[in-house]
Amino acid sequence: MDQTQNRSEAGFTLIETTISMVLMAIVGLGVAGVFAYAATSTANAADREMATAVAQQRMEQLRSVSFNDSSLNETPSGGVVTTVTRLGRQYSVTTTISNSLVLNSSATLKTITVKVTPLASSARWASNVNTIFGSVTLVSTRTTQQMGPNRSY
C-alpha cells in the first residue's frame, strides 16, 4: 500500500519535464521571431512615413510657386536629383517636370513627379528601387489659367 501511495505523489518525471521545457522553448522562439519582425516593420514604416513627408513637402513647394516660375522649367528625362536629410536619415529626391500642350488649346500642362528613396541601406522596403515599393512617388499636374467660355442664359 505504501508503494501505491508513493507513486501517486511522485510528481513529474524527468522526461515529462524535459518535454515541457522543449515545448516552451519552441513557443518562446516563435514569439521572439514575431517580436523581431514587428520591430523591423515599425522601423520601416517610420522611414517610409518620413519619405512620404519629404515628397509632400517638395510637391507643395512646387505647387506654391507661380506657373511661369523658373523652378517649374522642364527637366531632363532623368529629373533633378537632390539629397535631403530628415531626422538624421538621408533621402534621394528626384524631381521630374515635363511640359505638354493641351489639345485644342494654347494651354500648357506641366506634370510634376517627385520620387523619394531612402539612402540608408537599413531601409529594407526601399532595397528594390525598380518597383513601386522601392520609393515614394507623388505626381501632380498644373496648367496655365485660362478664361472659360462666356455664356449667358
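The structure we're discussing is the one just above.
What you are looking at is a predicted structure, and each value in this text was computed from that prediction instead of being measured.

How each quantity is defined
Counting restarts for each chain, with residues numbered from 1 along the sequence as it is written. For a predicted model such as this one, the threshold for reporting local features is a pLDDT of at least 70, and the threshold for listing and counting side-chain atom pairs is 80 or more; totals across whole chains, interfaces and linings nevertheless cover every residue. Based on all heavy atoms of the structure, the side-chain values leave hydrogens and waters out of the count. The way it works is that DSSP assigns letters per residue, a run of H or I at least four long becomes a helix, a run of E at least two long becomes a strand, and they are numbered from the N terminus. Partly exposed describes any residue whose relative accessible area lies between the buried limit of under 20% and the exposed limit of over 50%, with all areas from a 1.4 Å probe on protein chains only and scaled to the type maximum. Any two residues whose heavy atoms approach within 4.5 Å at even a single point are treated as in contact. Centres within 6.5 Å are what make two rings of Phe, Tyr or Trp a pair, Trp counting through its six-membered ring; a difference in plane orientation under 30 degrees is then read as stacked, over 60 as edge-to-face, and the rest as tilted. Throughout this description, the term charge over a ring refers to an Arg CZ or Lys NZ atom that lies within 6 Å of the ring centre and within 35 degrees of the ring normal. Note: two strands are recorded as paired if DSSP finds a minimum of 2 bridges between them. Where helices are involved, their axes are fitted lines through C-alpha atoms of the stretch in contact, as for all axes, and angles between N-to-C directions lie from 0 to 180°. To estimate how far a helix should reach, multiply one less than its number of residues by 1.5 Å. Think of a nonpolar core as a cluster: buried Ala, Val, Leu, Ile, Met, Phe, Trp, Tyr and Cys residues, connected wherever their side-chain atoms sit within 4.5 Å.

Engineer: Describe the overall build of the protein, listing the residues and the values that go with them.
Structural biologist: A tally of regular secondary structure across the protein gives 2 helices and 4 strands. Going from the N terminus to the C terminus, the protein shows its helices and strands as α-α-β-β-β-β. Here the protein holds 153 residues, and 22% of them are scored as buried. Put simply, 56% of the contacts in the protein that link residues at least 6 apart link residues at least 24 apart.

Engineer: Which residues make up the packing of aromatic side chains, and what values do they have?
Structural biologist: Taken as a whole and assessed by the stated rule, the structure comprises 0 aromatic pairs. A cation sits over an aromatic face here: Lys110 above Phe67, 4.7 Å from the ring centre.

Engineer: Lay out the sheet that holds strand S3 (residues 108-118) with the relevant residues and their values.
Structural biologist: Spatially, 4 strands are ordered S1-S2-S3-S4 in an open sheet, and the strand pairing comes out antiparallel. Edge strands, defined here as strands with exactly one partner in the open sheet, are strand S1 (80-86) and strand S4 (136-143). Here the average twist between neighbouring strands, direction ignored, is 20°. Bridge count for strand S2 (residues 89-101) against S3 is 11 bridges, and the pairing is antiparallel. Within S3, the position partnered with Asn99 by the bridge is Lys110. Where helix H2 (residues 14-64) meets the sheet, it contacts S1, S2, S3 and S4, and its direction lies at approximately 15° from that of S4.

Engineer: Tell me about unusual backbone geometry, and name the residues and values.
Structural biologist: The phi dihedral of Leu87 is positive, around 55°, even though this residue is not glycine. Its location among the elements puts Leu87 in the loop between S1 and S2. Judged by its relative accessible area of 75%, Leu87 falls in the exposed class.

Engineer: Talk me through H2; I want residue IDs and the actual numbers.
Structural biologist: Along its 51 residues, H2 runs 75 Å from first to last C-alpha, staying within 8% of the 75 Å computed at 1.5 Å per residue. Within H2 the residues assigned to the buried category are Asn44, Asp47, Met50, Ala51, Val54, Ala55, Met59 and Leu62.

Engineer: Any details on the nonpolar core? Residues and values, ideally.
Structural biologist: If you look at the biggest cluster of nonpolar residues, it comprises 15 residues, and the most contacted ones within it are Val54, Tyr91, Val93, Ile112, Val114 and Val116. Put simply, the parts of the chain that give this core at least two residues each are H2, S2 and S3. Among the elements that take part in this core, H2 stands out by supplying 6 residues, more than any other. Beyond its immediate chain neighbours, meaning those up to four positions away, Tyr91 contacts Asp47, Met50, Ala51, Val54, Thr82, Thr83, Val84, Arg86, Val116, Thr117, Pro118 and Leu119.

Engineer: Before we move on, can you summarise the side chain of Ser140 with the specific residues and values?
Structural biologist: Topologically, Ser140 is positioned in strand S4. Dropping the residues within four chain positions of it, Ser140 is found in contact with Met59, Arg63, Lys110, Thr111 and Ile112.

Engineer: Break down the environment of Val136 for me, citing the residues and quoting the values.
Structural biologist: Topologically, Val136 is positioned in strand S4. Accessibility expressed as a relative area gives 8% for Val136, which makes it buried. Taking C-alpha positions, Val136 is 9.5 Å from Ala53, a pair spaced 83 residues apart along the chain.

Engineer: Which residues make up the pairing of S2, and what are the values?
Structural biologist: Summarising the sheet, S1 and S2 pair through 7 bridges and their orientation is antiparallel. By the bridge assignment, Thr83 is partnered in S2 with Ser92. Two successive antiparallel strands, S1 and S2, enclose a turn made up of 2 residues, where Leu87 displays a positive phi of approximately 55°.

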